[in-house]
Amino acid sequence: MPQNAVRKLAVQPKKRTAPIHNTEIERQTSHVPMSHLEVTVLIVASLVTMFLMISVVSSKIALSKAQYNLQNVNQKIASTQNKNVDKKQEVSELSSRSRLMEVAKNAGLTMNEQNIRNVNK
């Protein structure tokens, strides 16, 4: 192939043109004004959301207070049960047969076996 048969191509850079400002494109990018209904709905939704957030926080606080009160009541119940057990043990010790016999002996009383009767319910 002969050298002169090959075409010489000269690459010319493309000229950049300034962007065309089309009024339609500018209109599409502008913000659409909100209607009164949309603003009202947005405000109501925001108020409802705020109310729900506040109610969740207040219910959490109330729950914490209730748990604290429950813990205090349970602690008082356990303390009272321990006191009851101690009192029952004291009553059992004070009403034992050997102690009653000792108190009767100190008071000058004697046991008469003939006067004792067992009652069964």
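Residues numbered from 1 in each chain as written. Predicted model: local features only at pLDDT ≥ 70, side-chain atom pairs only at ≥ 80, totals over all residues. Heavy atoms only, no water.

1. Some thoughts on the overall build of the protein chain
At step 1: When helices and strands are tallied, the protein chain shows three helices and zero strands.
At step 2: With 121 residues in all, the protein chain has 0% of them scored as buried.
At step 3: When the accessible area of the protein chain is evaluated, it comes to approximately 12,900 Å², of which 59% is carbon and sulfur surface. (Helix = DSSP H or I, 4+ residues; strand = E, 2+ residues; numbered from the N terminus. Buried < 20%, exposed > 50% of the residue type's maximum accessible area, 1.4 Å probe, protein only. Areas by Shrake-Rupley, 256 points an atom, 1.4 Å probe, with all protein chains shown as cover.)

2. What about a nonpolar patch on the surface?
At step 1: Residues Met 34, Val 39, Leu 42, Ile 43 and Leu 47 make up a contiguous nonpolar surface patch of about 470 Å² in total accessible area.
At step 2: Within the fold, Ile 43 resides in helix α2 (residues 36-94). (Patch = residues over 30% accessible without salt bridge, like charges linked within 9 Å, V, L, I, M, F, W, Y side chains within 5 Å. Salt bridge = Lys/Arg side-chain N within 4 Å of Asp/Glu carboxyl O.)

3. Quick notes on helix α3 (residues 97-106)
Since the α-helix advances by 3.6 residues per turn, residues separated by three or four positions end up pointing in the same direction.
At step 1: The buried fraction of α3 amounts to zero of the 10 residues, a small share that puts the element mostly on the outside.
At step 2: Immediately downstream of α3, the backbone of Gly 108 shows phi near 85°, a positive value.

4. So, the confidence of the model for the protein chain
At step 1: Looking at the protein chain as a whole, its pLDDT mean stands at 85, while 77% of the residues score no less than 70.
At step 2: Confidence, expressed as mean pLDDT per element, reaches its minimum in the protein chain at helix α1 (residues 23-29) with 56 and its maximum at α2 with 97. (pLDDT = per-residue confidence, 0-100.)

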